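# Remarks on the overall topology
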Amino acid sequence: IPNYEQEARIYGKYILDHLPASKVAVLYQADDYGRSYLDGLKSGLGTKAGDMIVATQSFQVADPTVDSQILNLAASKADVLLIAATSKQTIQALKKASEVKWRPQLFIAYPAASPERTYALAGKETAKDAISVTVFKDPEDPDTIGDTDIKEYFSFMKKYYPDGNKNETLNVVAYVEAGIMTEMLKQAGPNLTSDSFLKAMSHFTAEHIPGLRKGVMVRTSPDNYNLYPRPLMMRFDGARNVIMKEQK
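Presented here is a report on the structure given in the accompanying data block. (Residues numbered from 1 in each chain as written. Predicted model: local features only at pLDDT ≥ 70, side-chain atom pairs only at ≥ 80, totals over all residues. Heavy atoms only, no water.)

### Considerations on the packing of aromatic side chains
- Inspection of the entire model under this criterion finds 12 aromatic pairs.
- Pairing tyrosine 4 with tyrosine 33 gives two aromatic rings, centres 4.8 Å apart and planes at 85°, and the pair type is edge-to-face. Taken together, the positions of tyrosine 4 in helix H1 (residues 4-18) and tyrosine 33 in helix H2 (residues 32-45) put the pair 29 residues apart, joining distant regions of the chain.
- Relative accessible area serves as the criterion here: at 12%, tyrosine 33 is assigned to the buried category.
- Grouping aromatic residues by their ring pairs yields a cluster made of Tyr153, Phe154, Phe156, Tyr160 and Tyr175.
- Of note, lysine 166 hangs over the ring of phenylalanine 154, and the distance from its end group to the ring centre comes to 4.4 Å. (Phe/Tyr/Trp six-rings, centres within 6.5 Å; stacked < 30°, edge-to-face > 60°. Helix = DSSP H or I, 4+ residues; strand = E, 2+ residues; numbered from the N terminus. Buried < 20%, exposed > 50% of the residue type's maximum accessible area, 1.4 Å probe, protein only. Lys NZ or Arg CZ within 6 Å of the ring centre and 35° of its normal.)

### A word on the environment of leucine 170
- As for its placement among the helices and strands, leucine 170 is situated in helix H8 (residues 169-187).
- With a relative accessible area of 46%, leucine 170 lands in the partly exposed category.
- C-alpha separation for the pair leucine 170 and proline 111, spaced 59 residues apart in sequence, amounts to 8.7 Å.

### Here we look at helix H9 (residues 194-202)
- What H9 keeps buried is the set Ser196, Ala200 and Ser202.
- Where H9 is buried, its residues meet H8. (Contact = heavy atoms within 4.5 Å.)

### Focus on the side chain of asparagine 241
- Looking at the secondary structure, you find asparagine 241 in strand S9 (residues 241-243).
- The exposure class assigned to asparagine 241 is buried, which follows from its relative accessible area of 4%.
- Within the structure, asparagine 241 has its side chain in polar contact with the backbone oxygen of alanine 113 (distance 3.1 Å).
- Asparagine 241 has contacts with Ala113, Pro115, Tyr119, Ser132, Asp141, Met234, Arg235 and Phe236, leaving out every residue within four places of it along the chain. (Polar contact = N/O pair within 3.5 Å; in protein donor to acceptor, adjacent residues only side chain to side chain.)

### Focus: helix H4 (residues 67-75)
- For H4, the full list of buried residues reads Gln69, Ile70, Leu73 and Ala74. For H4, the angular spread of the buried residues around the axis is 135°, confining them to a single face.
- The inward-facing, buried residues of H4 abut strand S1 (24-29), strand S2 (53-59), strand S3 (80-84) and helix H5 (87-99).
- Lysine 77 sits one or two residues past H4 and shows a positive phi near 60°. (Arc of directions from axis to C-beta.)

### Concerning the packing of H4 against H5
- Direction vectors running N to C along H4 and H5 enclose 50°, while the axes themselves pass 9 Å from each other. Taken together, H4 and H5 sit at an angle that is classed as oblique. Where H4 crosses over H5, the handedness of that crossing is right-handed. Where H4 approaches H5, its residues Asp67, Ile70 and Leu71 are matched on the opposing element by Gln92, Ala93, Lys96 and Ala97.
- In terms of residue class, the contact of H4 with H5 is made up of four nonpolar, one polar and two charged. (Axes fitted to C-alpha atoms, helices over the stretch in contact; angles between N-to-C directions. Parallel < 35°, antiparallel > 145°, perpendicular 65-115°, else oblique. Left-handed = near helix turned anticlockwise from the far one by under 90°. Nonpolar A, V, L, I, M, F, W, Y, C, P; charged D, E, K, R; others polar.)

Structure follows, in C-alpha cells:
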C-alpha cells in the first residue's frame, strides 16, 4: 500500500499550495504507524511546520475513545485536521468533531479512508470533502463500470472468495498485492533463488498491475523499495471518493 510517510508528505505539500494560511492539528496513533504520518506531514510542510502545526494529540490503540483528544485539538481552533488512525478511532474522531461543530479541512490516513467501512459509520456528512490518497481502483466507483480489471477481479472473487465482499477496498488491495508478487516472481526468472528474487524485487517495474488506477506507476530501486512513487489524491464527495484534479 502507499507509504505512510510519503502519503503525509503529499498532504503537507498540498496544504502549502492550497491552504498556506491554515493552522494544522494532528491526531495520531502512538506507534510507528501514527508517527510516520506526523513525520511525513512535518517533512511536507518543511520550514513552515513549526508555525503551521498548532496542536498534536496521540492515542493508544487500547484507549476506549479519542473524544478528549478531539476536544483538545478543537480548542486550538485549527482549520485543518490530519487523522492518522485506522477506522475505529477515525469514526470516533469524525463523530466527536461533528458533535462539537468543529469542521476543519480533513485529511484521512489511507487505511481508514473508506466510504463504507468508515465514513458511513461516522455519518457520511461528517467526512464530506475529506482528502486522502489511493493507488487502487474502487469497484463501487461508477467510472469502473465495464473496466476490464474490475471484471476480472469480480470473476476472481466469485471463484475463489464467493463469501467475500467484492466492493471492499481491502479485498482489491490483496488482489493487487498478489498481482505484484506474481509479476515479481516472473521477473525473477525460471530458476528461482533468494538472490534472483531480491534482484527482481529491488529493480522492479511493471507497465500494468490489474487493479491499480491508470497513471499509477509501480517501481523500486536498490535504495528505494517504495512501490508507488506517485499516489493519487482523492476527495470524499459525500458518497464516494473522487480523484482530485488539483494535484501535481
